[in-house]
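Listed below are the residues making up each chain.
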Amino acid sequence: MKISLFVPCYIDAIYPKVAISMVRILEKLGHTIEFPEELTCCGQPPFNSGYWDDARKSARPVLERLKDAEVVVIGSGSCGAMMKVFYPELFAGQPEEAAAKTLAAKTWEFTDFLVTKLGVTDLGASFPHKVTFHDGCHGLRELKTKQQPRDLLAKVRGLELVEMKEAETCCGFGGTFATKYASVSTAMGEVKCASAAETGADFIVSADSSCLLHVQGLLGRQQRPIKTIHIAEVLASE
Amino acid sequence: MSETIAAPRAQFFQDADRITHDLEHRRRIQAAMGKYYISRYSRQALFRDWQEARQTAAETKWAALNELDKHLENFERNATARGTQVHWTSTSEQARAVIVDIIRRHNARRIVKSKVMTSEEIHLNQLLVELGYDVIESDLGEYIQQLKGEPPYHFVFPCMHLSREEISDLFENHLGTAQTHDPEELTMIARRVLRQKYIDADIGITGANFVVADTGMISITENEGNARLTAALPRVMITLVGIEKVLPKFSDLALFLPMLATAGTGQPLTGYNTMYAGPRQPDETDGPVEWHVVFLDNNRTTLLADPQQRDALHCIRCGACLNVCPIFKNVGGLSYGTTYQGPIGSVITPHFRGLQDWKHLSGASSLCGACTETCPVKIDLHHHLLHNRRNAVEEKRGFLEGMLWRGFTFLMNRPKLFSLSIKMGRIFQPLHALVKDTFLDPARAWTKSRELPEIAHESFRDYWKRRQTK
Amino acid sequence: MTEREKIFTRIRDALKTQAPMPGHHDGAGKTHAISEARNAIAGAKQWLPDPGADSAEWLAQFEKLSAELKTTVHICASEADAHAKLREIAVADGWKSVAAHQHPLVSPAVAALPLPLLDTTNGYDANAMAKCDVGITACDALVAQTGSIFLTNRTGGGRALSVLPPHHVVIAHREQLVPDLPSAFELMTRIYGPANWPSMSTLITGPSRTGDIERILVLGAHGPRKLTVLLV
């Protein structure tokens, strides 16, 4: 299968290892990767802020560039939800409505793609650590990917998964919410970090680097020993 | 980022900032909600199919609203046939005037209220107290909040933020009772005070959870029995209710009462679900001689006119969306400054009281969707927060924020420029240490509580280029 | 235009545009006509908690929920047995006066008690009722699914008798136990519909309770601290 990899801006600039791991895993499974270098952003930040005109401006190149793609895979539940769930709404009644729906139908969040589309759970990975999994809200509730990452982690050699209290509670990132309502976002993140630390895990694993950006920032400030890692990096570990 | 700081917005930020730093508050609310989680979700698990029940409830409400006019007429016809007096009010002022007029006609002095959220909405208590009436809230939580001089913290659990010690102090100050930290003894103090109030009251004011069209009934849900006493002993009963609360049929309650109880408190049914079908009838032994049902619009028709968000009128005020909301749990109910707190309040308040003044509540969400997932009548809550944000910008585009997003889009649509800016960021990032923890820090909103991530030595884009040329 | 007309005009104007079906955002809903919307009573029959298959299971369910709710249930072999149980409770709790209404199930039970009676049937003084130790009533139905008692001001001696005294005793027949809420609402409609409704009907589920102070359960917030069902 020819897979177009959509790489969100923060993965590109801050967490390139996530995308590199995804490439490694998908190529190992025998697929061809195409990276549309022209694309940087799905348009979610202006969309969530209410600036839908600007969001459409960001999203139009994505629709255009990916219109012939066979399948699009994203290593983020949040950007995945933007393209899969919110593009059709953003372009409802616009000339691009049909294109938005077509793209939504062939776009996949990474763990969902592996488990649901490819039917693969065992990637031969080994990660001998105790981990806890943080559900990113967009993945969990917009894309309904609760079980997929857990199925994948269950097959990783040496990995012990310990669920944290209220695993499904938001970490408080929420995009621009994290700076517009910084004290609320921080309080939510502190609750999340405390629940994660309580498990005694070495790593907080998530399918969304945007949540981890915030959680890692808090952990760093609080000097907690627990670290964060994207699930793709875990699955690419040998 | 907003240009004009409206009073409600400033108040929200000020209160939220204070409460989010109050670790005792956080502990107390987390503990209370922890109990809620256990009882609610274990009760929900007993349903043969909760999701199908939800869909049925949502469709019933949807169909009820689609014919709201017919159901209200139907209710009116059935209720008046049994001697109920029905009043229609568009605004808070009109509703207050109708109620004061009824009180005056009966030369009433003493008024006992059971929980009426709509009366908070129209600020009825303040007016009645100003006019010199003896008004008392009879729901325990509401009574405590009345003594404290504070609005309800949560529209189902009005004083959940108070400790037993604080309540004991309140009772000592206002009632002169001895200190006790036993919740049962504290409850009994209120019971003793309030019992005589029901008996002596001239007027009882209640709210309503459901308006049943086909029988002309209203249904009131409660645990304490205070609403039942309020509707049994005073000579005159007034019920203040929003026009959206209709259910077409009496039998619809068979679904809605257990769903309200399960989602609200995790009970099989709330202690008392009482259906009133008129004032005291000729062959009956007690009850009010007059019953007035006062319908309130207060911009509900504005929300009704928005088909995208009309489902917010499905709300049965169970409070579940507050209980699962991580924002509510961290900012607390009073920070909202609204009658209805939490996600449902953030959705409907802009419709009721003005979008520009209340849009900050729709912004105060990470859009996590826990509210939508838990709602027993399937209100698309978190997406409506998004819709409110969009509507606010379409109505009045922010100047600074508008510039920011224009710049953002400009940059993101130019991948080479984006790439360059990342490289620049990498070069300049070490200099950030110079301004970090000062007000010159451009990322202060982030760095006040969080470390900044480090920009990678090689972006994925660069890695890919290197790989392709290999 | 009256305020009523203004409100109805606004409602009709608003409803000219139809709202999407609920559930369209989670894939469960579809667009269809109002007449096709699901029926709440049918939904309630299917999806609410299982009350059990036969009357023995219903009774077991009613007793189990009552225990959780802190309602005391006594299964009595006969009316005489119920009267004896009532006397036993009266002695144990030290009742000095009772309030009750005239009803074929209630009157003989009260007559068997050697205590002063406040009869609510033809009106009463609220202060006097507040001083009674117990209110004794009949009911319309018991609901296995929720552990509830369904009564009206006709079967419950008015609006206050079942809520003002500190102890509420219900005397009911075994045959009055229905499996679930839909059956209970159907039964009430059969008895009182379409135009003979008592001005108050209430579903009582456990004694009066509150959790307003630190979410800790306290019984007897305003209504009865004790609820007893004598099932004959």
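By convention here, each chain's residues receive numbers from 1 onward along its written sequence. A letter from A marks each chain and a number from 1 marks each ligand, given out in the order of writing. Where local features are concerned, this predicted model is filtered to residues with pLDDT of at least 70; where side-chain atom pairs are given and counted, the filter is 80 or more; whole-chain, interface and lining totals use all residues.

Okay, the environment of B:Gly34 next. Secondary structure follows DSSP: runs of H or I at least 4 residues long count as helices, runs of E at least 2 residues long count as strands, and numbering of each begins at the N terminus. Take B:Gly34: it is sitting in helix α2 (residues 23-44). Each C-alpha atom, one on B:Gly34 and one on B:Asn323, is 9.2 Å from the other, the two residues being 289 residues apart in sequence.

Quick look at the interface of chain B and chain C now. Opposite the 88 residues of chain B that make contact, chain C presents 77 residues. Element by element, the count of residues in the side of chain B that touches chain C is highest for helix α3 (residues 50-66) of chain B, at ten residues. Polarity classes work like this: nonpolar for Ala, Val, Leu, Ile, Met, Phe, Trp, Tyr, Cys and Pro, charged for Asp, Glu, Lys and Arg, and polar for all others, with Gly in that last group. Each residue belonging to the side of chain B that touches chain C can be placed in one class, and the counts come to 41 nonpolar, 26 polar and 21 charged. Two elements, strand β9 (residues 272-276) of chain B and strand β9 (residues 200-204) of chain C, share five bridges in a ladder whose sense is antiparallel. Residue pairing for β9(C): B:Met275 is matched across the bridge by C:Ser201. Residues are treated as contacting if the C-beta atoms built from their backbones sit within 7 Å of each other. If DSSP finds at least two bridges between two strands, the strands pair.

Further remarks concern the sheet that holds strand β5 (residues 141-143) of chain C. The strand order across the open sheet formed by eight strands is β8(B)-β5(B)-β6(B)-β9(B)-β9(C)-β6(C)-β5(C)-β8(C), and the pairing between neighbours is mixed. Each of the sheet's edge strands pairs with one partner strand only, and the pair in question is β8 (246-247) of chain B together with β8 (177-178) of chain C. Pairing of strand β5 (residues 210-212) of chain B with β8(B) involves two bridges; the strand directions are parallel. Within the sheet, the bridge partner assigned to B:Val211 lies in β8(B) and is B:Val246. The angle between two axes is taken between their N-to-C directions and runs from 0 to 180 degrees, where each axis is a line fitted to C-alpha atoms and a helix contributes only its stretch in contact. Running over the sheet, helix α7 (residues 181-192) of chain C touches β5, β6 (148-152), β8 and β9 of chain C and is turned about 165 degrees from β5(C).

Another aspect to go through is the interface of chain A and chain B. On the chain B side, the residues contacting the 50 residues of chain A number 50 residues. For the side of chain A that touches chain B, the secondary structure elements donating two or more residues are α1 (9-13), α2 (16-28), α3 (44-48), α4 (52-65), α8 (137-142), α10 (177-180), α11 (182-198) and α12 (209-222) of chain A. Per-element accounting of the side of chain A that touches chain B gives the leading share, seven residues, to α12(A). Residues of the side of chain A that touches chain B, tallied by class, amount to 26 nonpolar, 15 polar and nine charged.

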